[in-house]
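Below, each chain spelled out in residue letters.
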Amino acid sequence: MLEMFAAGFQAAFTLHSVLMIVLGVFIGIIFGCIPGLTTTMAVALCIPLTFGMPPTVAMSLLMGLYVGGTSGGLISAILINIPGTPASVATCWDGHPLAARGEAGKALGVGVFYSFLGTLFSIAALVFIAPPLADFALQFWPSEYFALALFSLTMVGTLAGKQLAKGIAVGLLGMALAFVGTAPIDAIPRFTFGFHELDGGFDILPALIGLFAVAEILNVAEKDVELKKSEVLMSFKMKGLGFSMKEFVGQTWNMIRSALIGIGIGILPGIGAGTSNIVSYGVAKSQSKHPEKFGTGIIDGVVASETASCSTIGGAIVPLLTLGIPGDTVTAMILGGLMIHGLQPGPLLFIQNGPVVYGIFIALLIANFVMLAMEFFGIRIFARLLSVPKYILLPIIFALCAVGAFGLNNRVFDVWVVLFFGVLGYVLQKLKFPTSPIILGIILGPMAETNFRRGLQMTNGDFLQFFTRPITDVFLLATVLMIVLTGLSHIRDKKKEVAAGA
Amino acid sequence: MNRKYWDIASGLGVIALGVALISASTHIKSLDVSRFGSGFFPAIVAILFMILGLVIFVGGIKQARGPDQKVEKDGKPRMWAVFATFVLMAAYATFLPSIGFLISTALYLFIQMLLLVPNDRRNFLVFGIISIVTSVVVYYTFVEVFQLMLPAGILG
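Residues numbered from 1 in each chain as written. Chains lettered and ligands numbered in written order. Predicted model: local features only at pLDDT ≥ 70, side-chain atom pairs only at ≥ 80, totals over all residues.

### Considerations on the overall build of chain A
Looking only at helices and strands, one finds 20 helices and two strands in chain A. Rg of the C-alpha trace for chain A: 22 Å, near the compact-globule value of 23 Å for 502 residues, within the 12% margin. By principal-axis analysis of the C-alpha atoms, chain A measures approximately 70 × 55 × 55 Å. Across the 502 residues in chain A, those meeting the buried criterion constitute 61%. Sequence separation of 24 or more characterises 79% of the internal contacts of chain A that already satisfy a separation of 6 or more. (Helix = DSSP H or I, 4+ residues; strand = E, 2+ residues; numbered from the N terminus. Rg over C-alpha atoms; globule rule 2.2 N^0.38 Å. Buried ≥ 20, exposed ≤ 12 C-beta atoms within 10 Å, placed from the backbone. Contact = placed C-beta atoms within 7 Å.)

### Remarks on the interface of chain A and chain B
Contacts between the two partners involve 49 residues from chain A, matched on the other side by 55 residues from chain B. Only helix H8 (164-179), helix H9 (204-223), helix H17 (390-409), helix H18 (413-430) and helix H19 (437-458) of chain A provide two or more residues apiece to the side of chain A that touches chain B. When residues in the side of chain A that touches chain B are grouped by element, the largest group, 12 residues, is from H17(A). Split by residue class, the side of chain A that touches chain B holds 36 nonpolar, four polar and nine charged. (Nonpolar A, V, L, I, M, F, W, Y, C, P; charged D, E, K, R; others polar.)

### Side note on the environment of A:Leu456
Residue and element names in this part refer to chain A. Within the fold, Leu 456 resides in helix H19. Taking the number of C-beta atoms within 10 Å as the measure of exposure, Leu 456 has 24 and is therefore buried. Sequence separation of Leu 456 and Met 63 is 393 residues, and the distance between their C-alpha atoms is 38 Å.

### Considering the domain arrangement of chain B
The assigned domain composition of chain B is domain 1 (3-65) and domain 2 (79-155). Measuring from the centre of the C-alpha atoms in domain 1 of chain B to the corresponding centre in domain 2 of chain B gives 39 Å. (Domains from an automatic or database assignment.)

### What to know about the nonpolar core
A:Val43, A:Leu208 and A:Cys401 are the most contacted members of the largest nonpolar core, which has 213 residues in total. The element contributing the most residues to this core is helix H5 (residues 89-137) of chain A, with 22 residues. Two domains each provide a minimum of three residues to this core, namely domain 1 (3-65) and domain 2 (79-155) of chain B. Filtering out sequence-adjacent residues up to four positions away, A:Leu208 remains in contact with A:Thr40, A:Ala44, A:Ala332, A:Met333 and A:Ile439. (Core = buried A, V, L, I, M, F, W, Y, C linked by C-beta atoms within 7 Å.)

### Observations regarding helix H16 (residues 354-385) of chain A
Counted at 1.5 Å a residue, the expected span for H16(A) with its 32 residues is 46 Å, but the 39 Å between its end C-alpha atoms falls short. At A:Gly378, H16(A) is deflected by roughly 75°, the largest bend along its length. (Expected span 1.5 Å × (residues − 1). Bend = angle between axes of the 7 residues up to and from the residue.)

### Here we look at the packing of helix H3 (residues 39-46) of chain A against H9(A)
Residues and elements named next belong to chain A. Contact geometry for H3 and H9: axes closest at 10 Å, N-to-C directions at 140°. By the angle between their axes, H3 is oblique relative to H9. Two packed elements cross with a definite hand, and for H3 against H9 that hand is left-handed. Every residue of H9 that contacts H3 at Thr 40, Met 41 and Ala 44 is listed here: Leu 205, Leu 208, Ile 209, Phe 212 and Ala 213. Across the contact of H3 with H9, the residue classes tally to seven nonpolar, one polar and no charged. (Axes fitted to C-alpha atoms, helices over the stretch in contact; angles between N-to-C directions. Parallel < 35°, antiparallel > 145°, perpendicular 65-115°, else oblique. Left-handed = near helix turned anticlockwise from the far one by under 90°.)

### Regarding the confidence of the model for chain B
Predicted confidence across chain B gives a mean pLDDT of 84, with 88% of residues reaching 70 or more. Scored as a complex, the prediction yields pTM 0.86 and ipTM 0.88. (pLDDT = per-residue confidence, 0-100.)

### Quick word on the environment of A:Ile442
All names here are of chain A. Take Ile 442: it is sitting in helix H19. Sequence separation between Ile 442 and Phe 475 is 33 residues, and the spatial gap between their C-alpha atoms is 20 Å. Ignoring anything within four residues of it in the chain, the contact list for Ile 442 reads Gly 174, Leu 177, Ala 178, Ile 204 and Ala 207.

### Focus on helix H1 (residues 2-12) of chain A
Each full turn of the α-helix corresponds to 3.6 residues, which orients residues three or four apart in the same direction. All names here are of chain A. Where H1 is concerned, the buried positions are Gly 8, Ala 11 and Ala 12. One side of H1 holds all its buried residues, which, seen down the axis, span an arc of 85°. Across H1 from its buried face, at more than 90 degrees, point the exposed residues Leu 2 and Glu 3. Buried positions along H1 lie against helix H2 (15-33), helix H4 (55-80) and H16. (Arc of directions from axis to C-beta.)

As C-alpha cells, this is what we get:
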C-alpha cells in the first residue's frame, strides 16, 4: 500500500496537477458560494476542460472542484442566510444568527476549519475503507452487482422524502431513459425513435447538465428575484480561526459524531452532502445538553453541519471507486469524467490503474489544504462575488453548458439533449416531483439490467441460482428490509400528518 | 388549470407513460436465449409506472377535494420568460453549427441577459461588452488552451 501511495504521490504532486487543484478549488468555491450554482454544475462544466489532460491531472481538477464546492456553500449560508449549495442548508441555521450578531468572522472561521477537518477525516476513511472493499468486491459475480444495484435503488425512498410515489416514479423515469440505446447482452437497439445518434444511449453528462444546470436557469427566469447588494454582510473581521482552544475541545465529540454521520451517508449510494448536513444537525441538536440554544447562533450547529457535509466527500468516493456506484450527485458527474478518460470504476480500477486511484487520494488531500488557505485568506473576494447579478451569470453558464455538451462528441445533438433534459427537469420541479432520484435510475438501472442478464447467462437462465450465493442474498435481504422500513416510516408520517390535521 | 388538479394530471401522465412503454417493449425482438430478453426490464418498469401513476392519481383526487391551494408567495411565475428562454436556447443550438460559436454565443448572451434583467437595470452597453468578451474568452480558452473543437462557422 505504501508503494501505491508513493506512485499516487508522484502522479498527483506535479506542477500541472497542483495548478489544476488550485484552479479547481477556486472555481469550486465560487460555484459553491453563489446560490443557484452547485458543485455538480461546476464539475459538469469543467469536465470538458479535462479532455486533453492525462487522467491524474483531470482527476486533480475534479477533486479540487468537489472539495471547494462542498465547502464553499458555507460562505453564503453565513453571510446572506441562503445556502450556496444543498450541502450547507443547516449551516444557515446557526451560522447566520452568529453573523447577524456581529460574529461573522467567528462563524466563517469555525465553518472553514471544520470543513477542513471533516474532509480530512473522510479522506482517512476513504484510504482505509476503499482498498480492502475493492479487494472484497473482486469476488462479486454479476448476481452480486445486480442485487447491489437493487439495494442502491431503494435509496430513492430516502431522497424522495414525503413524495414517495413521485420520487419512485422519477427514479423509474431515469431507468426508462437509460433503456434508450443499444440493449445490454444482445445489443438490440431500443427506444431510439429513429435517431441514430441515440444508438449509444443518452450520455450521462449532457443529461445531468440539463437536469441540474439548465433547469435551474429556467427556474430563475421564472422567479425574477434579485439579490440586493446591501444584503451581503461585508463588515466582518477574520481574527485567527475565530474560536478558542476551549471551544475546540468542547466540540470534539460533536465533530467526531458529525464526521461519522457524513462518511456513512456519503458511502450510501446516491445520497450525499445535501442530506448529511441536515441529519447531522438534527442529531447534534437532539444529543446536546442545551438543544434550546440551537438556531440562536452557537458554534455547535455550524460544526455539526460543516463537518458532516464535507466528510461526505471521502465517503461518497468509496462506492464510486470500488463499485462504480456514485455516492452522490457530484460523484455521479465524476463517474462520467472517469469514463471519458477510459477508466471504468470498480474493483479492477485498483489493480489496473493504481496510480490514478492513489493519485485521487493525494489530490483530495492537497485540495483540502488549498481550500483551507483559500477560504481563510480569500473570503472577502468570494463574499464580493455573491453580489454578481444572476442575469449576467446564468446566461454565461448556459453557454458553458453548451460548450461542455458539444465538446463531448463534437456534435450539436448533445446540446439538444441538454435542452431536453433541462425542460424535463423544469417540468418535473413544477409538478412537484423530486428530481434527484432520476440520477439513481439512470446509473443503476443499466447496472441492474446488465448484471441480471449476464448472471442469467451464467446460470443458463435460472434465476433461482442467484440465491445460492450468500453475498447476493445479503444484498437482496437488505433491499427487502429497506423497502419495508421506507414503507413503514412513510405510513407513520402519514398518520402523524392526519393526527396533526385533525 | 388550478394547481390542485396537477397531481391528477401527473398521475394520468405517469400511467400513460407506463402504457406506452409496455406496448413498445413487447415489440422488442430478443436474441437472448433466456426468457428475460431486452424487453423484460422495460416491461417491469412499465408495470411499476402504471401502479405508481395510479397512486399519484388517487392522491391527486383526495387533494382536489380539499381547499384551493394558495398561489406561490413569490408572486406570479413569469411563464413567458421561461418560454422565451427556452426558445432562445433552442435557437442557439440551431444556429451554432452554421454561424459558429463566437457570433451565436455573443448574440445568445446579449438577448438572454436582456430577457432576465429587471427593467430598471437594463444596460445595453455593459451587456454588449460582457457578451462579446465572454464569447471570445471562452472560445479561445477552450480551443487554444484546452484543445477542444468548437464550431467556427462563418468566421472559420
